[in-house]
Structures are given as structure tokens and as C-alpha cells.
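The residues making up each chain are set out below.
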Amino acid sequence: MNKEYAYIDGKAIIVDEKGEQTKSEYYDNLDEILVQENLIEDMENKIKQLEKDIDAYKEINKKHHFPFMLLAVILAIVLGNLVILSVDPKQFMETVDFSFGKVNLVLLLNFVISTISIPLGAIFDSMFYQQYKDAKNEEKGINSDLDYLKKQIIIEKQKLEKLQKDKKKNEEGKKFGVVVVDDKAKSEELKNNLDFYYNLGYNENKYFKYYQLGRLNDKLQKYYNDTEIKKVEDYLEEKRPTLIKNHNKKIK
């Protein structure tokens, strides 16, 4: 990343974040060029990181969610009864006296254990299922960011090429100076765009339902402006065939 540069008599020495120096000609739009280079480098780094992240999520989401906790509880109860049956079948006939009458001991134990363990198993399975859904949505969010970055970086590189072609030197410019490369605005804009596209990918199924019902604008106007809602519509329209296909798969 370019951090600052010093210029003197039409020459510039550019310093990066590691303190390494590069000599260059000084041009009036050098600031813009260095900021654009930083933006592109930042985007390239983010693409590499997101590609690693998406590989990890693909590994996590290979298997479909299965309610193993609830199944394990039911199997444990069944096996427990089979063990009792094999060790002492008479226990299935034993009863306990209560004020309201006699109750089979094994049935009572099954009822108590089932009343506690089955709901707990269902609760844990629902938690695991929510984690699975979140991971799937996070994967979609990362993919959305990657799609945006890979398309946008082409545009940004074209902008850089244009800036480099438009280099001009003011002969009456300053003789000496040190300038810090101020890329905060570009960096913040990139961050905001990545947040936008991540949220768009994460919520694409929900947004697509709103879109199909004609309620997208009503649902999103609290969170997005008109320009952003138009971007959401364009995104959903582009992904429409895939979203419909995935929806039909779920129905089957």
C-alpha cells in the first residue's frame, strides 16, 4: 500500500507501508493514481481472503443438517428398554402405588425421561439447524462480495489506466513537498459496498420472496435508499433463474 511520497524538482519518491521506496516521475494526478492503486490492492487482498473463507464454508456446508440429537435420545430410550427387557423382563410388569392408582414403573420412567430429554434434543437440534442456516447464508454473503469485487476490480483497473494516460505535469508546480496518501474515503466506500453486497447475499432468499410478492420496496425502504433498492432489484433479477431453481428443489 502507498503511504506517502516526497517530490522535488519533478521527481517523486513513493513510500509503502513497509518503508520501501520507489522512484517515479511527479505528475499533478499522482495522488489519484496512488489512491487508485491502493484501492485495487485492497480489493485483490480481499478477494484472496474471501476465496479462502468460501472454501472453508463449502467444507462446512457439504453435509445437510440432520436432527441427530433427537434421534440419539429416542435410540437411547429404546436401547434402555431393550436392556431392561433382556436383563429382567419382569420389570415391565412391576407397578408403583400412587394416590391415584397403580402405574407401571418402566412406563413411568419412560414418560419422565422422554418428557425431559426429547424436548431438550429438539431444542439442541433446532439450534444446530439455525447454525447450519446461518452458515449457508454467510456463504451466500461471501459469494455476493466475491462477485461484486471481481466485477468491480475490472472497472477500477480501467480507471487506473485512464489516470495513468492522463498524467500531466505543471511546470510551475511546487519544488518540494511531502504528501500523505489519503485513501480513507475510497477505503470506506469499499467497506460500505462490501457490507451492502454481503447483506444482500445473506438475505437473498428473503428479499426474493418480497420481490416476487411485489413488496420489496415497502420492506427495504427503512434500510436502503432508492438507488440501493434498485441495486437489490438488479441483483435479484440477475439471480432469478438460480433462486427459482433452488426454491423448486426445496419443494421436491
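Everything below is about the structure shown above.
Quantities reported herein were computed from a predicted structural model and do not represent experimental measurements. (Residues numbered from 1 in each chain as written. Predicted model: local features only at pLDDT ≥ 70, side-chain atom pairs only at ≥ 80, totals over all residues. Heavy atoms only, no water.)

### Quick word on the packing of helix H4 (residues 184–202) against helix H7 (residues 226–238)
So, step 1. For the pair H4 and H7, the least separation of the axes is 11 Å and the interaxial angle reads 45°. One way to sum up the angle between H4 and H7 is to call them oblique. For H4 against H7, the interelement crossing comes out right-handed. Of the residues in H7, those in contact with Asn193, Phe196, Tyr197, Leu200 and Gly201 of H4 are Glu228, Lys231, Val232 and Tyr235.
So, step 2. Class assignment of the residues belonging to the contact of H4 with H7 gives a composition of 5 nonpolar, 2 polar and 2 charged. (Axes fitted to C-alpha atoms, helices over the stretch in contact; angles between N-to-C directions. Helix = DSSP H or I, 4+ residues; strand = E, 2+ residues; numbered from the N terminus. Parallel < 35°, antiparallel > 145°, perpendicular 65-115°, else oblique. Left-handed = near helix turned anticlockwise from the far one by under 90°. Contact = heavy atoms within 4.5 Å. Nonpolar A, V, L, I, M, F, W, Y, C, P; charged D, E, K, R; others polar.)

### Points about the nonpolar core
So, step 1. With 29 residues, the main nonpolar core has Leu149, Tyr207, Val232 and Leu236 as its most contacted residues.
So, step 2. Going through the elements one at a time, helix H1 (30–60), helix H3 (105–165), H4, helix H5 (204–213), helix H6 (216–220) and H7 are the ones with two or more residues in this core.
So, step 3. Residues within four places of Tyr207 in sequence aside, it is in contact with Asn199, Leu200, Leu216, Leu220, Tyr224, Val232 and Leu236. (Core = buried A, V, L, I, M, F, W, Y, C linked by side-chain atoms within 4.5 Å. Buried < 20%, exposed > 50% of the residue type's maximum accessible area, 1.4 Å probe, protein only.)

### Describing the packing of aromatic side chains
So, step 1. Inspection of every chain in the model, using the stated rule, returns 11 aromatic pairs.
So, step 2. One aromatic cluster is present, formed by Tyr148, Phe196, Tyr197 and Tyr224 through successive ring pairs.
So, step 3. The positively charged end of Lys231 is found above the aromatic ring belonging to Phe196, 5.9 Å away from the centroid. (Phe/Tyr/Trp six-rings, centres within 6.5 Å; stacked < 30°, edge-to-face > 60°. Lys NZ or Arg CZ within 6 Å of the ring centre and 35° of its normal.)

### What to know about the pattern of salt bridges
So, step 1. Using the criterion set out here, one finds 10 salt bridges in the structure.
So, step 2. The shortest N-O distance in the salt bridge between Glu44 and Lys157 comes to 3.7 Å. Here Glu44 is found in helix H1, whereas its partner Lys157 is found in helix H3, with 113 residues between them in sequence.
So, step 3. By relative accessible area, Glu44 is classed as partly exposed at 33%.
So, step 4. Among the residues examined, Lys157 registers a relative accessible area of 37% and is labelled partly exposed. (Salt bridge = Lys/Arg side-chain N within 4 Å of Asp/Glu carboxyl O.)

### What about the environment of Asp16?
So, step 1. Note that Asp16 resides in strand E2 (residues 11–16).
So, step 2. Separated by 12 residues in sequence, Asp16 and Glu4 place their C-alpha atoms 7.0 Å apart.
So, step 3. Those residues within four positions of Asp16 in sequence are excluded, and the remaining contacts are Met1, Asn2 and Lys3.
So, step 4. Side-chain polar atoms of Asp16 contact the backbone nitrogen of Lys18, separated by 2.9 Å.
So, step 5. Within the local environment of Asp16, its side chain forms a polar contact with the backbone nitrogen of Glu20, the two atoms lying 2.8 Å apart. (Polar contact = N/O pair within 3.5 Å; in protein donor to acceptor, adjacent residues only side chain to side chain.)

### Topic: the pairing of E2
So, step 1. Sheet topology places strand E1 (residues 2–8) next to E2; 6 bridges connect them, and they run antiparallel. Note that in E2 the partner of Ile8 across the bridge is Lys11.
So, step 2. Hairpin connection of E1 to E2: 2 residues between the antiparallel strands, including Asp9 at a positive phi of 50°.
So, step 3. The sheet contact formed by E2 and strand E3 (residues 21–25) spans 5 bridges and is antiparallel. Bridging across to E3, Lys11 finds its partner in Glu25.
So, step 4. Hairpin remark: E2 followed by E3, antiparallel, with 4 residues in the connecting loop; positive phi at Gly19, about 85°. (Pairing = 2+ DSSP bridges.)

By themselves, these are just geometric observations and shouldn't be taken as functional.
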